[in-house]
Amino acid sequence: MKTEDLVTRLCLDESQPKRWTPATALLIAVMAAFAAAVSLSFVWLTPRVDLLAVLDARDHTVLLKFAFTFSVVVAALPIVRDLTTPGRAVGTAAIIALLPFLIVTLLAARELAMLPSVELHRLTVDASWAACLWQIPVLGLPAFAIFALCARRMAPTNLNRTGAYIGLLAGGIGAAGYALHCHDDSMVFVAIAYTLAITEMAAVGALLGPRILRWT
Amino acid sequence: MARSNEDHLKQLLLRGLDGDRAAYHAFLSGLTDLLRGYVRRQLVRLGRGDSEAEDIVQEVLVAIHERRHTYAREVPVTAWAHAIARYKLIDFLRATTATRRFVSLEDAADCVGDDAARLEVAFVVRRLLSVLPERFRRPIELTRLYGLSVTETAARTGMSEAAVKVNIHRGIKALFRLVGGDQ
């Protein structure tokens with residue numbers, strides 16, 4: 001077909017363009033992803049028995065866990081929006097996405113210095129390391145699928161990078177779901193185990209990006 | 001890409017997105033020229049023939065049309081289109097390089113040389129043809145550039161076979177007059 005004919009045909013195309021801009025679609029995806037992770041956490045892992053009590057008591061170590069996971073998501077969102085909009089320079093520096101991890105590391109260092117070693121031992125060595133490392137990615141899996149579908153509707157042009165940040169988003173959301181269940185409240189534990197679990201997802205996302213995000 | 005181009009295309013696209021068909025047509029046509037230039041330059045730079053250029057341009061146009069919801073008003077249209085074109089070009093090259101045999105550097109250099117000459121010839125011929133009236137130009141293009149037979153050309157253009165032959169003959173004569181040759 002001649003290009004001029006193609007242009008004419010495209011102009012006659014009656015179908016409406018897809019309704020949502022990248023920003024709107026992403027916000028919807030975030031809500032769906034959170035809903036999926038939270039329901040999966042409730043059904044599969046069951047929330048920690050003292051969840052309401054600690055939330056009620058404004059126990060700041062528990063709230064910090066949620067704040068950490070939310071901030072991972074919030075920091076990665078504008079980057080994913082920019083990556084799925086062609087020609088848009090990524091406005092937010094990658095360092096912003098790393099900021100939550102930096103802060104949680106500082107909090108962990110403070111905890112190491114302050115808490116008595118017996119208490120620290122109870123909080124970290126006896127903690128559920130192995131469970132955290134595979135349950136966060138599983139909880140984040142629906143989120144990952146939702147974001148991948150969402151990104152494919154847009155037009156990401158750097159698939160590895162987009163995949164990595166989608167993994168980061170999904171990891172953060174999976175971690176939020178896990179925090180509902182997890183009763184290890186040490187920042188040292190969060191700084192290491194949560195970070196590792198989220199990084200796993202980001203790495204897998206970066207590797208799979210070109211395969212699963214490719215659009216034609 | 002030039003500034004005036006950007007503003008002009010942006011106007012057309014925005015009007016097109018609001019439902020102005022003519023503006024959208026003008027946008028896609030204007031973009032086609034830019035895309036063609038970009039894709040050809042990239043292919044030649046990579047030492048590949050520009051024969052695939054038109055296919056890629058068409059793929060990019062379809063992608064731009066289908067992904068027009070990703071256009072954000074604060075992004076330059078040319079940057080947006082360029083990002084999509086680059087993605088499609090890389091995608092195309094990835095899909096096709098695996099099947100291409102290894103070419104030594106000397107051979108590749110020959111190819112690039114040939115290609116530049118061929119490009120120039122193709123460019124000159126197209127320029128020349130573009131000044132001919134439609135009834136001469138189409139039959140010449142179809143038979144001499146695309147290799148169709150007189151019968152096929154007649155079917156495509158709706159002329160009789162005799163008319164096709166006569167028009168080719170007249171068109172070529174006109175071309176010779178244009179370049180100052182005598183025949």
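Everything quoted here is computed from the prediction, not taken from an experiment.

J.: So what about the overall build of chain A? Which residues, and what values?
T.: Within chain A, the secondary structure is distributed over nine helices and zero strands. Going from the N terminus to the C terminus, chain A shows its helices and strands as α-α-α-α-α-α-α-α-α. A buried classification covers 48% of the 216 residues belonging to chain A. Of the contacts made within chain A by residues no fewer than 6 positions apart, 85% connect residues no fewer than 24 positions apart. Carbon and sulfur atoms provide 69% of the accessible area of chain A, an area that totals close to 10,400 Å². Computed over 16 positive and 14 negative side-chain charges, the inter-centroid distance for chain A is 10 Å.

J.: Could you give me a rundown of the packing of helix α2 (residues 22–45) of chain A against helix α8 (residues 159–179) of chain A, with the residues and numbers involved?
T.: Helix-helix packing is characterised by the crossing angle of the two axes and by the distance between the axes. Residue and element names in this part refer to chain A. For the pair α2 and α8, the least separation of the axes is 8 Å and the interaxial angle reads 35°. Crossing angle aside, the handedness with which α2 passes α8 is right-handed. Between α2 and α8, the residues in contact are V30, A33, F34, A37, S41 and L45 and I173, A176, G177 and Y178, respectively. Taken together, the residues of the contact of α2 with α8 sort by class into eight nonpolar, two polar and no charged.

J.: Could you give me a rundown of the pattern of salt bridges, with the residues and numbers involved?
T.: A side chain of one charge can pair with a side chain of the opposite charge if their charged atoms are brought near each other. Within this structure, the stated rule accounts for 15 salt bridges over all chains. Between R214(A) and D91(B) there is a salt bridge; the shortest N-O distance is 2.7 Å. Remark: D91(B) occurs in helix α4 (residues 77–97) and R214(A) occurs in the segment after α9 (187–212); the pair is interchain, linking two chains. The partner of E54(B) in a salt bridge is R36(B), with the nearest N and O atoms 2.8 Å apart. One end of the pair, E54(B), is in helix α3 (residues 53–66); the other, R36(B), is in helix α2 (residues 21–45), with 18 residues separating them in the sequence. Relative accessible area serves as the criterion here: at 22%, E54(B) is assigned to the partly exposed category. Residue R36(B) is classed as buried on the basis of its relative accessible area, which comes to 17%. Put simply, E4(A), D33(B), R36(B) and E54(B) are held in one network by salt bridges that share partners.

J.: I'd love a proper account of unusual backbone geometry, names of residues and values included.
T.: A positive phi angle, close to 60°, is found at T46(A), a residue other than glycine. Positionally, T46(A) belongs in the loop between α2 and α3 (51–56).

J.: Requested: an account of helix α4 (residues 60–83) of chain A, with residues and values cited.
T.: Residues spaced three or four apart along an α-helix point in a common direction, a consequence of the helix completing one turn every 3.6 residues. Spanning 24 residues, α4(A) covers 34 Å between terminal C-alpha atoms, matching the ideal 34 Å at 1.5 Å per step. Along its length, α4(A) reaches its greatest deviation from straightness, about 30°, at L77(A), and the proline P78(A) lies no more than four positions downstream.

J.: Could you give an account of the interface of chain A and chain B, with specific residues and numbers?
T.: Opposite the 34 residues of chain A that make contact, chain B presents 30 residues. Carbon and sulfur atoms make up 56% of the area that chain A and chain B hide from each other, which totals about 2,700 Å². Of all residues in chain A, L10(A), C11(A) and W215(A) bury the most surface against chain B, accounting for 22% of the area lost on that side. Counting the contacts that link chain A with chain B gives three salt bridges. Listing elements by their share of the side of chain A that touches chain B, those giving two or more residues are α1 (3–12) and α7 (129–153) of chain A. Among the residues making up the side of chain A that touches chain B, the classes are represented as 15 nonpolar, 10 polar and nine charged.

J.: Provide a residue-level description of a nonpolar patch on the surface, including the pertinent values.
T.: All names here are of chain A. A cluster of nonpolar side chains, V38, F42, V43, W44, W134 and V138, forms an exposed patch at the surface whose accessible area comes to about 560 Å². When contributions to the nonpolar patch are tallied by element, the ones reaching two or more residues are α2 and α7. The element best represented in the nonpolar patch is α2, accounting for four residues. Within the fold, W44 resides in helix α2. The exposure class of W44 is partly exposed, given its relative accessible area of 35%.

J.: So what's going on with the environment of A32(A)? Residues and values would help.
T.: Residues and elements named next belong to chain A. Looking at the secondary structure, you find A32 in helix α2. On the basis of relative accessible area, A32 is assigned to the partly exposed category, the value being 33%. Counting along the chain gives 110 residues from A32 to P142, while the straight-line C-alpha distance between them is 9.2 Å.

J.: So, α8(A): which residues are in play, and what are the values?
T.: Residues and elements named next belong to chain A. With 21 residues, α8 extends 30 Å from end C-alpha to end C-alpha; this agrees with the ideal 30 Å at 1.5 Å per step. Burial of α8 is extensive: 19 of the 21 residues sit out of reach of the surface. Its side-chain oxygen at 3.3 Å from the backbone nitrogen of R161, N158 defines the N-terminal cap of α8.

J.: Help me get a handle on the nonpolar core, residues and values and all.
T.: Grouped together as the largest cluster of nonpolar side chains are 99 residues, with contacts concentrated most on F147(A), L168(A), Y194(A), F27(B), I64(B) and W80(B). Discounting chain neighbours no more than four positions away, the residues touching Y194(A) are K65(A), F68(A), T69(A), C132(A), I136(A), A175(A), Y178(A), A179(A), C182(A) and F189(A). Ranked by size, the runner-up nonpolar core spans 10 residues in total, among them L129(B), I140(B), A154(B) and M159(B).

J.: Give me the side chain of D91(B): which residues, what numbers.
T.: Exposure remark for D91(B): the relative accessible area of 12% places this residue in the buried category. When sequence neighbours within four positions are dropped, the list of residues in contact with D91(B) reads R214(A) and T216(A).

J.: Report on the confidence of the model for chain B, specifying residues and quantitative values.
T.: Residues and elements named next belong to chain B. Per-residue pLDDT for chain B averages 80, and the proportion of residues at 70 or more is 81%. Across chain B, the secondary-structure element scoring lowest on mean pLDDT is helix α5 (residues 105–130), at 60, and the one scoring highest is α3, at 92. The ipTM, which scores confidence in the relative placement of chains, is 0.84 for this predicted complex, and the corresponding pTM is 0.74.

About the criteria used
Residues numbered from 1 in each chain as written. Chains lettered and ligands numbered in written order. Predicted model: local features only at pLDDT ≥ 70, side-chain atom pairs only at ≥ 80, totals over all residues. Heavy atoms only, no water. Helix = DSSP H or I, 4+ residues; strand = E, 2+ residues; numbered from the N terminus. Buried < 20%, exposed > 50% of the residue type's maximum accessible area, 1.4 Å probe, protein only. Contact = heavy atoms within 4.5 Å. Areas by Shrake-Rupley, 256 points an atom, 1.4 Å probe, with all protein chains shown as cover. Lys, Arg positive; Asp, Glu negative; His and termini not counted. Charge placed at Lys NZ, Arg CZ, Asp CG, Glu CD. Axes fitted to C-alpha atoms, helices over the stretch in contact; angles between N-to-C directions. Left-handed = near helix turned anticlockwise from the far one by under 90°. Nonpolar A, V, L, I, M, F, W, Y, C, P; charged D, E, K, R; others polar. Salt bridge = Lys/Arg side-chain N within 4 Å of Asp/Glu carboxyl O. Expected span 1.5 Å × (residues − 1). Bend = angle between axes of the 7 residues up to and from the residue. Buried area = accessible area lost by both parts, 1.4 Å probe. Patch = residues over 30% accessible without salt bridge, like charges linked within 9 Å, V, L, I, M, F, W, Y side chains within 5 Å. Polar contact = N/O pair within 3.5 Å; in protein donor to acceptor, adjacent residues only side chain to side chain. Core = buried A, V, L, I, M, F, W, Y, C linked by side-chain atoms within 4.5 Å. pLDDT = per-residue confidence, 0-100.

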